[in-house]
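Coordinate inspection notes
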Amino acid sequence: MIFFIHEICFSIPSYIITSSIAAPALFKLGIPNASAHMFSFYFAMFANLTPPVALAAFAAAGVSGGNPMKTGWTSVRLAIAGFIIPYIFVLSPQLMLINTTLAEGLLTTATAALGVFLLAVACEGYVYAPVALPLRVVALAGALCLMIPGFQTDIVGAAVLVGLIMIQKKKKANLKPAA
């Protein structure tokens, strides 16, 4: 119930303010209407997660008794993909099924989702086993390749994903379980 009240009280006004400021600027840049509004909506919602506003993160810290700023910065790290997704809407209107076929929209959605997965690997540093820092950098590059529209970038990103999964599965097999 509290979540529902929070969403009604804060989400709608946040979206109205953000869309009245950001959407017209995006329209002038030639961004499609739906993409501009989704961009505005995403950033309005992420204001609840990230400092300095971070209402949801600070409320969670209050409930749990945790440090509000540490909770806020942890929410930023966990929500990093959410900062990139709005730009994918703008760069790739196929994700919104604008001027595209269903198959192209599904392919764009799949590659964007795999890119978000690789971004999570880069930020959190774990798939099957801990991921070394150099592989995390490679995962970040692969994530960006999957999120940028284009066949060549999708191939590079998919190769990074497959390679990373293979390396991590092998690393997991080599780890000895603690007794």
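Everything that follows concerns the structure shown earlier in this document.
In short, a report on the structure. Just so we're clear, the structure is a prediction, and the values are computed from it rather than from any experiment.

1. So, the overall build of the protein chain
Looking only at helices and strands, the protein chain features eight helices and two strands. Each of the three principal axes of the protein chain carries a C-alpha extent, and together these read 55 × 50 × 25 Å. Burial statistics for the protein chain: of 179 residues in total, 32% are counted as buried. Long-range contacts, defined as pairs at least 24 residues apart, comprise 57% of the intrachain contacts of the protein chain with a sequence gap of at least 6. Entry remark: accessible area of the protein chain is about 10700 Å², with carbon and sulfur atoms responsible for 76%. Separation of charge centres in the protein chain, based on 9 positive and 4 negative side chains, amounts to 18 Å.

2. Observations regarding the state of the cysteines
Throughout the structure, instances matching the rule amount to zero disulfides. The thiol of Cys-123 is unpaired, and the distance to the nearest cysteine sulfur, on Cys-145, comes to 16 Å. Judged by relative accessible area, Cys-123 falls into the partly exposed class, the value being 22%.

3. Description of unusual backbone geometry
The backbone phi angle of Tyr-128 is positive, close to 65°, even though this residue is not glycine. Relative to the assigned elements, Tyr-128 resides in the loop between strand S1 (126-127) and strand S2 (129-130). Relative accessible area serves as the criterion here: at 36%, Tyr-128 is assigned to the partly exposed category.

Thresholds, definitions, all that
- Residues numbered from 1 in each chain as written.
- Predicted model: local features only at pLDDT ≥ 70, side-chain atom pairs only at ≥ 80, totals over all residues.
- Heavy atoms only, no water.
- Helix = DSSP H or I, 4+ residues; strand = E, 2+ residues; numbered from the N terminus.
- Buried < 20%, exposed > 50% of the residue type's maximum accessible area, 1.4 Å probe, protein only.
- Contact = heavy atoms within 4.5 Å.
- Areas by Shrake-Rupley, 256 points an atom, 1.4 Å probe, with all protein chains shown as cover.
- Lys, Arg positive; Asp, Glu negative; His and termini not counted.
- Charge placed at Lys NZ, Arg CZ, Asp CG, Glu CD.
- Disulfide = S-S within 2.5 Å.

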